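Below, each chain spelled out in residue letters.
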Amino acid sequence: GSRSPASAGHAAQGNARTAGAMSASDLLVGIHLVDEQRCGVPLKKLIECTNLCFQMKEIFTPKVLSIAIQNLVQYTPLPKLFMRTVIQTTNIYPQLKGFVVDVMGKLVGKKIWEDTRQWQGFLMCAKATAPKSCP
């Protein structure tokens, strides 16, 4: 079943927010959790939304992205754009490659190879994080 992890990102965020405001990591997680069929939002639009997030580097910092990825990796099944976001994160913030390799270990535990689309992303990510991804 699907489980919604409690957002550990709130306290760790470190920036003051007004009541009811969403953190940047929560926003990125929320974009990933939009059900295209149910909401009538094409996947292409969701990709555009994540691309905009990656362009706003002063808001979507390495810390924000790592919090979002830590939250998203807990979902079963993984959100469609998950591996795409992980790959973009390693491209934009190479210093997060070690963190991404840890996430990849969790994905192996989740039998990521059973989901063809995510598996293709996983292999691309392994290539992008080598030699760190090769024990």
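Before reading on, note that the structure itself is shown above.
Notes on the structure follow.

Things to note about the packing of helix 7 (residues 97–109) against helix 8 (residues 116–129)
Interhelical geometry of helix 7 versus helix 8 gives an angle of 145° and a closest axis separation of 10 Å. Read as a crossing pair, helix 7 and helix 8 show a hand that is left-handed. Where helix 7 approaches helix 8, its residues Lys97, Val100, Val101, Met104, Leu107 and Val108 are matched on the opposing element by Phe122, Cys125, Ala126, Ala128 and Thr129. Looking at side-chain class alone, the contact of helix 7 with helix 8 contains nine nonpolar, one polar and one charged residues.

So, the side chain of glutamine 88
In this structure, glutamine 88 sits in helix 6 (residues 82–92). Residue class for glutamine 88 comes out buried when judged on its relative accessible area of 17%. Sequence-distant contacts of glutamine 88, defined by excluding residues within four places in its chain, comprise Thr50, Asn51 and Phe54.

Looking at unusual backbone geometry
Proline 77 follows threonine 76 through a cis peptide bond whose omega is -5°. Looking at the element boundaries, proline 77 is found in the loop between helix 5 (62–72) and helix 6. In this chain, alanine 130 is followed by proline 131 through a cis amide linkage whose omega measures 5°. Here lysine 111, not a glycine, exhibits a phi torsion of approximately 55°, which is positive. Take lysine 111: it is sitting in the loop between helix 7 and helix 8. Overall, the relative accessible area of 45% leaves lysine 111 in the partly exposed class.

With respect to the packing of helix 4 (residues 43–55) against helix 6
At a minimum axis separation of 11 Å, helix 4 and helix 6 run at an interaxial angle of 25°. The pairing of helix 4 with helix 6 is recorded here as roughly parallel in orientation. Between helix 4 and helix 6 lies a crossing whose hand is right-handed. Between helix 4 and helix 6, the contacting residues are Ile47, Thr50, Asn51 and Phe54 on the first element and Arg84, Thr85, Gln88, Thr89 and Ile92 on the second. Looking at side-chain class alone, the contact of helix 4 with helix 6 contains three nonpolar, five polar and one charged residues.

Conventions we followed
Residues numbered from 1 in each chain as written. Predicted model: local features only at pLDDT ≥ 70, side-chain atom pairs only at ≥ 80, totals over all residues. Heavy atoms only, no water. Axes fitted to C-alpha atoms, helices over the stretch in contact; angles between N-to-C directions. Helix = DSSP H or I, 4+ residues; strand = E, 2+ residues; numbered from the N terminus. Left-handed = near helix turned anticlockwise from the far one by under 90°. Contact = heavy atoms within 4.5 Å. Nonpolar A, V, L, I, M, F, W, Y, C, P; charged D, E, K, R; others polar. Buried < 20%, exposed > 50% of the residue type's maximum accessible area, 1.4 Å probe, protein only. Parallel < 35°, antiparallel > 145°, perpendicular 65-115°, else oblique.

None of the figures reported here should be taken as evidence of function without further support.
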